[in-house]
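Close look at the chain arrangement
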Amino acid sequence: MFPSCYSKPENSGEKRSSMAKLLLGVFMVYMAHTAWLLYGFLNTKSCDEGLRENCITSYLAARPRLQLTVYTCLVPDNSQLNLALRIDPFDPHSTFERHVNVPLPEETRANGSLYAVVYVHKASVSPLEDSREVHHAALLTTHISPANTGGHRDTQKSSKIKHPVSHWRPRLSVTMMSEDFTFTKGGLPSDMRRYVRISQEGRRILYLPLLLIDELSFRIRDLMQINRSTTHLPLTVSYEGISLRRFRFWVHLQDVVYSLRQFGFSEEYIDEIKGTLVGSNLYLLVLTALITALQLICEFLALKNDITSWRKKKSMAGMSRKSVLWRSLGTLLIFLHLLEETSLLVLLPVGLAACVEVWKVFKVFRINVRWRRPCGSKLDEEERRTVGFDTQASTYLSYLIYPLCISGAIFSLAYLRQKSYFSWMLNSLVTGVYAFGFLSMAPQLFINHKLRSVNHLQGAVLMYRGVNTLISDLCSCAAVFSSSEAFLSSHQLSCFRDELFFLIYLYQRRRFAPKARRSECGSHSKKLKTQ
């Protein structure tokens, strides 16, 4: 005989609910703190002109005659500098681009490094003799495996090389704050203090030009491998004068990339994130952050209510077992597919959702795994009736799904030569989930129609997920209409796929719920009359 299944006390559910509320509160406080930082970031308070003794003015306000000089060196220590480019006169408010050929030292060709040092100093004066010069050093080389670059993926010889090889960055982007902004002594932003150099001129306090090397502009696909026979390589030096707000924006973006690198993200994932950050302006990124925060809140609330409602379920009457099973398999397939292609930022929520869906399968099929042997229980009359409706709906649905899946698999055979058999099979299954996975909700809607009730479903979970899906589909459709590519992914083509079934659920909720509401209202009015 199997041991009897026990149920955990309800106090643990209350503790988990309070813990979920605590985590949601912490997240809301974090979002409020982020919004406050964004407000301070977009509105930097300037110093009052009447209080000059408490102000830090810009060195560029006096319009000095400047010069921009770019040197190359093996070690950025002001020794053995080789001149690469000189711009005289240099206008901080201008925008230009120069192409030069940089000679490579023997050490760099032997899998070494090479630095670029950018100086902004007084014209006709050596930067080493100017006390008000500013400079910034940046690497012109990157050590990376040839298999990770776009130009060497198809060669078998380069894929066998696992040790990093020196690659050339063909672009050097220089930016400088050209806005004549006046800071207060106590109101200097903390994120800019490491870039600010103070100079005294009588009673006036000046801050020297704020120079920044754009580390987000280069991509892995643009890198060029350095060989022993390479003596010169092209370098494009670009400059742009920017405002204070944009300067702080670039500083924060580079700090984000640095943090991702410290957390162990690979260069390929960081390269994708950099492409997203550089390709968007400040307001679009803020809007994206707000939309992402709204989606995270909706997903968290949906997950929390979903787990809570399923933990309290004692009867599975009205729940489609096939829908839960297919949703679990689809989520696991998507997780395996994303495991090879995406970053942890996307992988962790999908993995958590997959764990919850697997737990639902154990719950709906009444599989309670104990330490020694499994434990199960029999179905009651309402649950057996639900299983019958579920089987009937799945039979009808199979007449549509099987031909579509088989035809899709046959169509994808053309790409079997380009991939391994496992990758082809996984890609075909994931494409089927993206294209026809929304049909897994059809048995549940059929059961709702047969039972004439939606009380067995959690309305809050569907509402949160409906809002989340609507936001995602609107963003996907915006990406589709703004894209100029001829081929679009199956995920983009499946815009508004879930909204149809969500609208049907709302119709069922509207149609089946009023009777209960009227009876409740009638009983409530009778009680009032008797009183």
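Residues numbered from 1 in each chain as written. Predicted model: local features only at pLDDT ≥ 70, side-chain atom pairs only at ≥ 80, totals over all residues. Heavy atoms only, no water.

The sheet built from three strands is open, its strands ordered β7-β8-β14 with antiparallel pairing. Each edge of the open sheet carries a strand with a single partner, namely β7 (141–144) and β14 (224–225). When β7 meets strand β8 (residues 165–168), the two strands line up antiparallel, connected through four bridges. Its bridge partner being in β8, His-143 is matched across the sheet by Ser-166. (Pairing = 2+ DSSP bridges. Helix = DSSP H or I, 4+ residues; strand = E, 2+ residues; numbered from the N terminus.)

A surface patch of nonpolar side chains, about 400 Å² in accessible area, is lined by Trp-36, Leu-37 and Tyr-39. Within the secondary structure layout, Tyr-39 lies in helix α1 (residues 10–42). (Patch = residues over 30% accessible without salt bridge, like charges linked within 9 Å, V, L, I, M, F, W, Y side chains within 5 Å. Areas by Shrake-Rupley, 256 points an atom, 1.4 Å probe, with all protein chains shown as cover. Salt bridge = Lys/Arg side-chain N within 4 Å of Asp/Glu carboxyl O.)

Time to look at the environment of Ile-56. One can find Ile-56 in strand β1 (residues 55–58). In this structure Ile-56 comes out as buried when scored by relative accessible area, which is 8%. Sequence-wise, Ile-56 and Leu-188 are 132 residues apart; in three dimensions their C-alpha atoms are separated by 9.0 Å. Ignoring anything within four residues of it in the chain, the contact list for Ile-56 reads Phe-181, Thr-182, Phe-183, Thr-184, Lys-185, Ile-198, Ile-205, Leu-206 and Tyr-207. (Buried < 20%, exposed > 50% of the residue type's maximum accessible area, 1.4 Å probe, protein only. Contact = heavy atoms within 4.5 Å.)

Right, let's talk about the side chain of Asp-191 for a bit. Mapped onto the secondary structure, Asp-191 falls in the loop between β10 (183–184) and β11 (198–201). Residue Asp-191 is classed as buried on the basis of its relative accessible area of 9%. Polar contacts involving the side chain of Asp-191 include one to the side chain of His-252, which spans 2.7 Å. Look past the residues within four positions of Asp-191 in its chain and what remains in contact with it is Arg-248, Val-251 and His-252. (Polar contact = N/O pair within 3.5 Å; in protein donor to acceptor, adjacent residues only side chain to side chain.)

Moving on to the pattern of salt bridges. Inspection of every chain in the model, using the stated rule, returns 16 salt bridges. What emerges from the salt-bridge pattern is a single network uniting Asp-306, Arg-327, Glu-357 and Lys-360.

Throughout the structure, instances matching the rule amount to nine aromatic pairs. Where Tyr-71 meets Tyr-119, the ring centres are 5.8 Å apart and the plane angle is 85 degrees; that geometry is what we call edge-to-face. One end of the pair, Tyr-71, is in strand β2 (residues 66–73); the other, Tyr-119, is in strand β5 (residues 115–122), with 48 residues separating them in the sequence. An identical accessibility class is assigned to Tyr-71 and Tyr-119; each is buried. The interplanar angle of 25 degrees and the centroid separation of 5.4 Å between the aromatic rings of Phe-96 and Tyr-239 together place this pair among those described as stacked. You can see Phe-96 sitting in strand β4 (residues 95–103) and its partner Tyr-239 sitting in strand β15 (residues 232–242), a full 143 residues away along the chain. Summarising the burial analysis for this pair, Phe-96 and Tyr-239 share the class buried. Aromatic ring contacts, followed pair by pair, group Phe-90, Phe-96 and Tyr-239 into a single cluster. Above the ring of Trp-310, the side-chain terminus of Lys-313 is found at 5.9 Å from the ring centroid. (Phe/Tyr/Trp six-rings, centres within 6.5 Å; stacked < 30°, edge-to-face > 60°. Lys NZ or Arg CZ within 6 Å of the ring centre and 35° of its normal.)

Attention now moves to the side chain of Thr-236. Note that Thr-236 resides in strand β15. Exposure remark for Thr-236: the relative accessible area of 13% places this residue in the buried category. A distance of 3.1 Å separates polar atoms of two side chains, one belonging to Thr-236 and the other to His-99. Residues contacting Thr-236, with those up to four places away along its chain left out, are Glu-97, Arg-98, His-99, Pro-170, Arg-171 and Leu-172.

Before going further, it helps to spend a moment on the pairing of strand β9 (residues 171–177). Look at any regular strand and the pattern is simple: side chains alternate between the two faces of the sheet. With six of its seven residues buried, β9 lies for the most part within the structure. Pairing between β9 and strand β13 (residues 211–213): three bridges, direction antiparallel. Across the sheet, residue Val-174 finds its bridge partner in β13, namely Ile-213.

Ranked by internal contacts, the top residues of the largest apolar core, which has 32 residues, are Leu-68, Phe-90, Val-118, Val-120, Trp-168, Leu-172 and Leu-235. Breaking this core down by element, the ones donating at least two residues are β2, β3 (82–90), β4, β5, β6 (134–139), β9, β13 and β15. Tallying contributions element by element places β15 first for this core, with four residues. Contacts of Leu-235, omitting those with residues within four sequence positions, involve Arg-98, His-99, Val-100, Val-102, Leu-140, Trp-168, Arg-169, Pro-170, Arg-171 and Leu-172. (Core = buried A, V, L, I, M, F, W, Y, C linked by side-chain atoms within 4.5 Å.)

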